[in-house]
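Listed below are the residues making up each chain.
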Amino acid sequence: MTTTTPARGRRRAPSRMERAAGRAAAFQKPRVILALLLLLALTSVMLLDGYLRSEIGNDARVRDGAAYDKVPGRILDGGPLLTFDHGTARTQSVPDRTIVLTFDDGPTATWTPQVLKVLEENDVDATFFMVGSMISRYPGVVKSLVKQGNEVGIHTFTHVDLSYQSAARLQRELKQTQLALAGAAGVTTTLFRAPYSSEIDAVDNYSWPVYQEIGGLGYTSVFVDTDSDDWKKPGVSKIVRWATPKKDKGAIVLMHDAGGDRSQTISALGTYIKKMKAKGYTFTTVSGAQAMLNGSRSGVGRQSGSAGAGAGAGVGAGSGGTGAAQAAQHQAAGATLYEGRALVYAVAVAEWVVPALSWFLLVVGVAVMGRFGMMLVLARRHHRQRNRGRGRGGRGGGRFSWGPAVTRPVSVIVPAYNEKECIANTLRSLARSTHPIEIVVVDDGSDDNTSEIAESLGMPNVRVVRQENAGKPAALNNGVRIARHDIVVMMDGDTVFEPDAVHQLVQPFADPEIGAVAGNAKVGNRTTLIGAWQHIEYVMGFNLDRRMYDLLRCMPTIPGAIGAFRRDAVLGVGGMSEDTLAEDTDITIALHRAGWRVVYQEHARAWTEAPGSLRQLWSQRYRWSYGTMQALWKHRKSLTDKGPSGRFGRVGMPLVVLFQIVTPVFAPLIDVFTGYSMVFVDFRAALLAWLAVLAVQLVCAAYAFRLDREKCRYLVMLPLQQLAYRQMMYLVLIHSCVTALTGGRLRWQKLKRTGEVGTPAGAGR
């Protein structure tokens, strides 16, 4: 029988989604780019944070015991201040009874402020040789330090032994530290101290060229006379004794304000200052000592005076200090200042984002593991409940039953748009149904003879209805309106039913509270790699989820490939809506809100043709995920509703949002963190963690395959699915989120069919 739905004029006005289709198409590529840029930005932030923490580019090599025969003897026997005037090396010693307190490896938020407090209480200035990565992390401490009258010097950006590094790395270490200083305190400096350096007689053949190059850039290299060895935590008395110079000599004294617990340093510092002052010693900075050596005491310490020495090449110009005590500091200006501020701001973002993401991803990871556990427990319970007594003649506690067997005829609605490759196989599978049915084929304006093929089969229980192209929801609504029976089964035009699928699918309607039933959709074209991946996803992701949602009474989606509805229930909620692209999710949620129960019938199996190419797969999943977001947003009021609607809103909707949107959106970051850890942190630990998660997923997948009586051989592709297929699905979801946030719309997208899913004879293969 063939009927035609009459047109209401010469041309049908385009639907709301069709009107938006043209506009949406123009924005898809920019949205993909935006999503990728967002992921790139987060990855960059994480790499920056890793660089600051010396996880990236870290070189822990420290040279020791090298020859020094190429170093001039006068340098090895000289003082701790090394400069190069017009290429000629020159050393100076601190004047007698003068102490230059220096602190290495800072700043830190814990110990540096305590050091500054002791210095302030004792009216003493010091010189701090700071690591650039630490400066950028604690700019406020640096600003306070400079404002208090102390002096700053460079201790490289990542605290590496420069004798192992290239000239480019050396330049980068210096420049980045200067930028950090400029961004933190608005100054640059000409003072430098190499990591792992000590007294000047320790300069060797490898480090000497480094000091020559640094001196050529205008820097003063600062060594030490006495080392307090406070990093060894020897006790306050030993720190004070080891820091005390002999025979009233002047000295540059080394202490630390970072690198571990510095409580002994803090305790010893005040004692040491008081002891040395009692002996008649003067405290100053490196620049203050140089001013004294050059015959000027103006501005030494906290007294005001002239600026002192100029900036070295490439270091900056203009005095930024308050006198000779800060003469090595220069006001940052121009590009250096703005680049430095940008660095500090970027580090501030990284310092906040990375820990926040780490905690958030930890919560997500715990939630995912909890979901796996909940799925396994509830899926087992669901299977045992629905299969009780099945195949055992009802023995062992009684056979599960929905109620009296449903044997009355039902209507099967087949919406079809250009399904010439599949429609014959679809209708032939329905013809073998063990349940009495009428078949309504709604041809949605096909131009490939779909309706003619359906008619040519000559099936007596098949009605072909033609309508102008209006989309799948309109076709389904048309079929529901003209259906002759009170139960309607909806399917896709490319789907093949098993002979007892309809009979199994409608049995739950023996319970008058049930308004809809989700069937068990199987991937028919699973012989390809893409098909096999989707097969794993259907069995593990979709069907295992549906068992859980069934018991929780919050099933979010009835698959378009196989689902059954009470006709009155569908009409009661207004039919299949065109408001979203996921009309199956939309109608399911609407039925929940109307008070109907939705269940999963695992024994009603149908075989569908999954997308055969990555492009088609992207198109389909993009529509699914975007449509799901539309449906959730449409029904957002269920969160505050009472009764059945509120139950779904407070149980089902949070689960869907958490596990189908939030978790997948942030899942790529978990993979990025894992890859980052493998490359830069601990490869073995990260690999073991990834393998542990994979093992959990494998257990879940194997159990899902067992419940569905599927062969487990496809699970050998699970690791590759996690590495490739899953990443694509995450990008699809991110793309959909960006589309939703930017207000875009999509149109229905027809997939290319091959018709290779012929019969369900391959069940379980």
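A few points on the structure. (Residues numbered from 1 in each chain as written. Predicted model: local features only at pLDDT ≥ 70, side-chain atom pairs only at ≥ 80, totals over all residues. Heavy atoms only, no water.)

1. Focus: empty space enclosed by the protein
Within this structure, the stated rule accounts for 1 cavity of 30 Å³ or more. In this model, the largest cavity occupies a volume close to 80 Å³. In this structure, the largest cavity is lined by 13 residues; those nearest its centre are Met490, Pro559, Gly560, Met576 and Asp584. Every element with two or more residues in the lining of the largest cavity is listed here: α14 (472–482), β17 (487–491), β20 (562–566) and α18 (583–593). When residues of the lining of the largest cavity are assigned to their parent elements, the largest contribution, 3 residues, is made by α18. A per-class count over the lining of the largest cavity returns 8 nonpolar, 2 polar and 3 charged. (1 Å grid on protein atoms, 1.4 Å probe; cavity = no way out; pocket = protein on both sides within 12 Å on 5 of 7 lines; lining within 4 Å. Points joined across faces, edges and corners; volume = space filled by probe spheres on them. Helix = DSSP H or I, 4+ residues; strand = E, 2+ residues; numbered from the N terminus. Nonpolar A, V, L, I, M, F, W, Y, C, P; charged D, E, K, R; others polar.)

2. Let's talk about the packing of aromatic side chains
One pass over the structure, following the stated rule, counts 7 aromatic pairs. Measuring from ring centre to ring centre gives 6.4 Å for Tyr272 and Phe283, while their planes differ by 85 degrees; the resulting arrangement is edge-to-face. Of the two residues, Tyr272 sits in helix α9 (residues 263–278) while Phe283 sits in strand β12 (residues 282–284), which places them 11 residues apart along the sequence. Assigned by exposure class, Tyr272 and Phe283 land together as buried. On the basis of an interplanar angle of 65 degrees and a centroid distance of 4.9 Å, the ring pair of Tyr538 and Phe542 is categorised as edge-to-face. Note that Tyr538 and Phe542 are positioned in helix α16 (residues 529–552) at a spacing of 4 residues, about one turn of the helix. (Phe/Tyr/Trp six-rings, centres within 6.5 Å; stacked < 30°, edge-to-face > 60°. Buried < 20%, exposed > 50% of the residue type's maximum accessible area, 1.4 Å probe, protein only.)

3. Re the pairing of strand β6 (residues 151–154)
Residues Glu151 and Gly153 point to one face of β6 and Val152 and Ile154 to the other, with burial holding for every one of them. Judged from the 4 bridges that link them, strand β5 (residues 127–130) and β6 form a sheet pairing that is parallel. Counted as the bridge partner of Thr127 is Glu151 from β6. (Pairing = 2+ DSSP bridges.)

4. Comments concerning the side chain of Gln467
On the secondary structure map, Gln467 appears in strand β16 (residues 462–467). A residue is classified by how much of its surface remains accessible, and Gln467, at 10% relative accessible area, is buried. Within the local environment of Gln467, its side chain forms a polar contact with the side chain of Asn478, the two groups lying 2.8 Å apart. (Polar contact = N/O pair within 3.5 Å; in protein donor to acceptor, adjacent residues only side chain to side chain.)

5. Here's the deal with the pattern of salt bridges
The tally for this structure, following the rule as stated, stands at 25 salt bridges. Of the charged contacts in the structure, one is a salt bridge between Arg463 and Glu438, with a shortest N-O distance of 3.1 Å. Highlighted residues: Arg463 in strand β16 and Glu438 in strand β15 (residues 437–444), separated in sequence by 25 residues. Accessibility classification places Arg463 together with Glu438 in one group, the buried group. (Salt bridge = Lys/Arg side-chain N within 4 Å of Asp/Glu carboxyl O.)

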